[in-house]
Amino acid sequence: MSKRRTTIEWDDVNSEVLKGGDNFAYCEQQFIKNLRLRNLSERTAAFYQENLVVISRALHKLKIDNKPVTITYNDLQDVLQYCMDELNNSPGTINHRISTMKQFFKFLHEEGYIATNPAEKLSKQKTKQVKINPFTETEIKALLNAPDKNTFVGYRDFVIMLLLLDTGIRLSELTNI
């Protein structure tokens with residue numbers, strides 16, 4: 001009868017992990033490439049990339065190995081604590097970092113670069129809900145009467161305000177028309 005193995009070799013655990021999971025920069029490139037292939041906006045890709053740069057720097061400052069295959073849930077918690085304490089990030093910004101971590105490590109796990117997703121259990125912080133009061137009818141009339149409709153620029157501004165009020169599109173969406 002053969003003797004039972006009592007140790008697990010790294011190669012046994014990592015046999016299903018793709019090459020590249022030990023290189024943060026490579027994984028980041030693959031993640032951003034995937035965002036673009038999914039036709040997400042450049043602004044979204046830039047948002048994730050900015051957050052990943054902050055996360056990578058925090059890992060470096062905390063002297064945590066930044067190889068995605070070795071990053072743990074506790075490492076990610078340490079990064080978030082660093083962002084709160086040292087970078088003075090607000091709860092909203094911390095939630096953006098958490099969102100980035102969750103998406104990044106979910107991608108790496110689904111693509112096979114890492115065996116487990118260390119960000120899976122991360123939860124967002126509670127933030128203050130800011131109530132935005134809508135314009136009153138009087139305020140809207142005052143806004144629409146402000147531009148001089150006899151000039152090109154005034155009429156253009158009037159049309160832009162109507163478009164924003166009628167459709168509710170974002171200013172960034174309007175500038176891309």
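In the block above lies the structure referred to throughout.
Below is a short write-up of the structure. (Residues numbered from 1 in each chain as written. Predicted model: local features only at pLDDT ≥ 70, side-chain atom pairs only at ≥ 80, totals over all residues. Heavy atoms only, no water.)

## Let's talk about the overall build of the chain
Counting its regular elements, the chain contains eight helices and zero strands. Along its sequence from the N terminus, the chain presents helices and strands in the succession α-α-α-α-α-α-α-α. Across the 177 residues in the chain, those meeting the buried criterion constitute 30%. If you take every contact in the chain between residues at least 6 apart in sequence, the share linking residues at least 24 apart comes to 56%. If you sum the accessible surface of the chain, you get close to 13,000 Å²; carbon and sulfur atoms cover 51% of it. (Helix = DSSP H or I, 4+ residues; strand = E, 2+ residues; numbered from the N terminus. Buried < 20%, exposed > 50% of the residue type's maximum accessible area, 1.4 Å probe, protein only. Contact = heavy atoms within 4.5 Å. Areas by Shrake-Rupley, 256 points an atom, 1.4 Å probe, with all protein chains shown as cover.)

## Describing the packing of aromatic side chains
Applying the stated criterion across every chain, the model contains nine aromatic pairs. Geometrically, the ring pair formed by Phe24 and Phe104 is tilted, given 5.3 Å between the ring centres and 50 degrees between the ring planes. Placement of Phe24 in helix H2 (residues 24–37) and of Phe104 in helix H5 (residues 91–111) is noted, with a sequence separation of 80 residues between them. With a relative accessible area of 1%, Phe104 lands in the buried category. Ring geometry for Phe31 and Phe104: centres 5.5 Å apart, planes at 80 degrees, overall edge-to-face. Taken together, the residues span a long stretch of sequence, with Phe31 in helix H2 and Phe104 in helix H5 at a distance of 73 residues. Grouping residues by exposure puts Phe31 and Phe104 together as buried. Connected via pairs of aromatic rings, a cluster forms that spans Phe24, Tyr26, Phe31, Phe47, Tyr48, Phe104, Phe105, Phe107 and Tyr113. The positively charged end of Lys149 is found above the aromatic ring belonging to Phe158, 4.8 Å away from the centroid. (Phe/Tyr/Trp six-rings, centres within 6.5 Å; stacked < 30°, edge-to-face > 60°. Lys NZ or Arg CZ within 6 Å of the ring centre and 35° of its normal.)

## Points about the pattern of salt bridges
Within this structure, the stated rule accounts for three salt bridges. A salt bridge links Asp157 to Arg156; its shortest N-O distance comes to 2.9 Å. (Salt bridge = Lys/Arg side-chain N within 4 Å of Asp/Glu carboxyl O.)

## Observations concerning the packing of helix H3 (residues 42–61) against helix H4 (residues 73–85)
The description of two packed helices rests on the angle between their axes and on the distance between the axes. Where H3 contacts H4, the axes come no closer than 9 Å and their chain directions differ by 100 degrees. Judged by the angle between their axes, H3 and H4 are roughly perpendicular. For the pair formed by H3 and H4, the contact residues are Val54, Ile55, Ala58, Leu59 and Lys61 on the first element and Val79, Tyr82 and Cys83 on the second. Classifying every residue of the contact of H3 with H4 by side-chain character gives seven nonpolar, no polar and one charged. (Axes fitted to C-alpha atoms, helices over the stretch in contact; angles between N-to-C directions. Parallel < 35°, antiparallel > 145°, perpendicular 65-115°, else oblique. Nonpolar A, V, L, I, M, F, W, Y, C, P; charged D, E, K, R; others polar.)

Any functional reading would require information that these geometric values do not contain.
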